[in-house]
There are 2 protein chains.
Amino acid sequence: MFYTAESIEQLAEQFAQLPGIGRKTAHRLALYILKMPREEVETLAKALVNVKDKVRYCSICSNITETDPCSICSNTKRERASICVVEEPHDVIAIEKTHEFKGLYHVLGGALSPLDGIGPDDLKIKELLQRFSNTTIDEVILALNPNVEGEATTLYLSKLLKPLGMKVTRIARGLPVGSDLEFADEATLTRALEGRIAV
Amino acid sequence: MFYTAESIEQLAEQFAQLPGIGRKTAHRLALYILKMPREEVETLAKALVNVKDKVRYCSICSNITETDPCSICSNTKRERASICVVEEPHDVIAIEKTHEFKGLYHVLGGALSPLDGIGPDDLKIKELLQRFSNTTIDEVILALNPNVEGEATTLYLSKLLKPLGMKVTRIARGLPVGSDLEFADEATLTRALEGRIAV
């Protein structure tokens, strides 16, 4: 496009590569950046490079952190006897927001997906098993996504962990709070019935 | 939030300041940046600062450009006798995409809005009038947004320009192509009737 500044086009192209940002939004963002004060743009640019410079993975739980071990693993107030296994760092954030879980985490870095060539060796499963050799773990909570890959990983891990003698649980599948029973899909309703608890 | 890397939080905060990006999307983008190769992140960071460094406003039409005068104003193949007046640089892009208009542009930098404290002196109206003193303009096309501010600006400009002896036109308001007459609002339908043309 010759009818606008080239650097605007270049920035829009860069923005358009990010997930969920189409060409129109990318253009709008680039023009917004143009109107922003220079210092704010520099802060954003620095924050971008900072993420690549400072963020590393925790050597214990594989969550993202700036200090190794991470703030959760090094927090003496957390219960050290239960580990919640999740797929990605943003899953840790989601669970932390509930303020329900006081134990430690383990981030696998994905889920088993043979079609995408992701096997057990591509996930932090070895690192998870290593944690059991050092400390006594009472319960492992499997909090993986309720899709095919997550289910496969849950099954794989439960078979691997149960012989080690600890309690292995998984988070419940059922109706989301505020939803309608009428509109629930069959698979969800089946899981909700299976997972019924005494009131 | 203490349960993730601080620089991720800082970047997410920066992203959340951009228009149309909420806190959740900002977080997702920050985590995506973390997974991107370092060179790509640096390219994005450089593109951001580049926009502030290289982009200026054309001294003739006030559109954004890297060379002054801009590529449209300096293009000898464009018709120099007609000027299309728009609010913002992205309006130039929108009209250029139609390949319908071969003349020059004038970017006002906004529209009259007394409630927001934007008066005629805050827009590039003086610069527009200056262009008439140098060259003969046959037609001025007012292509402002069809909202209250745009209408007010159109009215203001037409009163200002008509005495100068040139043809002053405005782009048509009517039903958008592909829409349904049944669902059109009354204001739009009124304008469509008013603006009817012989077939």
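Predicted model, so just to flag it, every value in this text is computed and none were measured. (Residues numbered from 1 in each chain as written. Chains lettered and ligands numbered in written order. Predicted model: local features only at pLDDT ≥ 70, side-chain atom pairs only at ≥ 80, totals over all residues. Heavy atoms only, no water.)

## Quick notes on helix α3 (residues 38-54) of chain A
In this model, α3(A) (17 residues) spans 24 Å end to end at C-alpha, consistent with the 24 Å of a helix rising 1.5 Å per residue. Considered for burial, the residues of α3(A) that qualify are A:V41, A:L44, A:A45, A:A47, A:L48, A:V49 and A:V51. Where α3(A) is buried, its residues contact α2 (23-35) of chain A together with α1 (6-16), α2 (23-35) and α3 (38-54) of chain B. (Helix = DSSP H or I, 4+ residues; strand = E, 2+ residues; numbered from the N terminus. Expected span 1.5 Å × (residues − 1). Buried < 20%, exposed > 50% of the residue type's maximum accessible area, 1.4 Å probe, protein only. Contact = heavy atoms within 4.5 Å.)

## Thoughts on the nonpolar core
Of all hydrophobic cores here, the largest spans 46 residues; its most connected members are A:F15, A:I33, B:F15 and B:I33. Contributing elements (two or more residues each) for this core: α1 (6-16), α2 and α3 of chain A together with α1, α2 and α3 of chain B. Those residues in contact with B:I33 that lie beyond four places of it in its chain are A:L18, A:L48, A:V51, A:K52, B:L11, B:F15, B:V41 and B:L44. Core analysis: the next-biggest nonpolar cluster, separate from the first, contains 30 residues, B:I72, B:I137, B:I141 and B:L144 among them. (Core = buried A, V, L, I, M, F, W, Y, C linked by side-chain atoms within 4.5 Å.)

## Some thoughts on the layout of surface pockets
Considered as a void within the structure, the largest pocket measures approximately 710 Å³ in volume. Considering the residues around the largest pocket, the lining is formed by 23 residues, among which A:R28, A:L31, B:E88, B:P89 and B:H90 are closest to the centre. Elements with a minimum of two residues in the lining of the largest pocket: α2 of chain A together with α4 (89-96) of chain B. Element by element, the count of residues in the lining of the largest pocket is highest for α2(A), at eight residues. By residue class, the composition of the lining of the largest pocket is 11 nonpolar, four polar and eight charged. A volume near 500 Å³ is recorded for the second largest pocket. B:L144, B:N145, B:P146, B:I171 and B:A172 are the residues nearest the centre of the second largest pocket, which is lined by 18 residues in total. For the lining of the second largest pocket, the secondary-structure elements that each account for two or more residues are α4 and α7 (186-194) of chain B. The residue makeup of the lining of the second largest pocket, split by class, is nine nonpolar, three polar and six charged. (1 Å grid on protein atoms, 1.4 Å probe; cavity = no way out; pocket = protein on both sides within 12 Å on 5 of 7 lines; lining within 4 Å. Points joined across faces, edges and corners; volume = space filled by probe spheres on them. Nonpolar A, V, L, I, M, F, W, Y, C, P; charged D, E, K, R; others polar.)

## Brief notes about the domain arrangement of chain A
By the assigned domains, chain A splits into domain 1 (6-54) and domain 2 (80-170). Here domain 1 of chain A and domain 2 of chain A have C-alpha centroids that lie 35 Å from each other. (Domains from an automatic or database assignment.)

## Digging into the side chain of B:Q14
With respect to the secondary-structure elements, B:Q14 resides in helix α1. Excluding residues within four positions of it along the chain, B:Q14 makes contact with A:E40, A:T43, A:L44 and A:A47.

## Topic: the packing of helix α5 (residues 125-134) of chain B against helix α6 (residues 148-161) of chain B
Residue and element names in this part refer to chain B. Between α5 and α6, whose axes approach to 12 Å, the crossing angle comes to 30°. Here α5 is positioned roughly parallel relative to α6, judged by the angle of their axes. Relative to α6, α5 is oriented so that their crossing is right-handed. The residues of α6 that touch α5, namely those facing I125, L128, L129 and F132, are Y156, L157, L160 and L161. (Axes fitted to C-alpha atoms, helices over the stretch in contact; angles between N-to-C directions. Parallel < 35°, antiparallel > 145°, perpendicular 65-115°, else oblique. Left-handed = near helix turned anticlockwise from the far one by under 90°.)

## Quick word on the sheet that holds strand β5 (residues 139-142) of chain A
Residue and element names in this part refer to chain A. Read across the open sheet, the four strands follow the order β4-β3-β5-β6; overall the sheet is parallel. Since the sheet does not close on itself, it has two edges, and those belong to β4 (104-107) and β6 (167-170), each with one partner. With strand direction ignored, the average angle separating the axes of adjacent strands in the sheet is 25°. Of the pairings in the sheet, the one linking strand β3 (residues 82-86) to β4 comprises four bridges and is parallel in character. By the bridge assignment, I83 is partnered in β4 with L104. The strands touched by helix α4 (residues 89-98) are β3 and β4; relative to β4, the strand with the most contacts, the crossing angle is about 155°. (Pairing = 2+ DSSP bridges.)

## Looking at the relation of the copies chain B and chain A
Under the fitted operation, chain B is carried onto chain A by 0.0 Å of movement along the axis and a turn of 179°, and the coordinates agree to an RMSD of 0.1 Å. Taken together, the rotation and translation relating the two chain copies correspond to the operation of a two-fold axis. Every residue of chain B has its C-alpha some distance from the rotation axis, and the shortest such distance is that of B:A45, at 2.2 Å. With an isologous cut-off of 70% or more, the 100% of interface residues of chain B that recur at the interface of chain A puts this contact in the isologous class. (Least-squares fit on C-alpha atoms with pLDDT ≥ 70 in both.)

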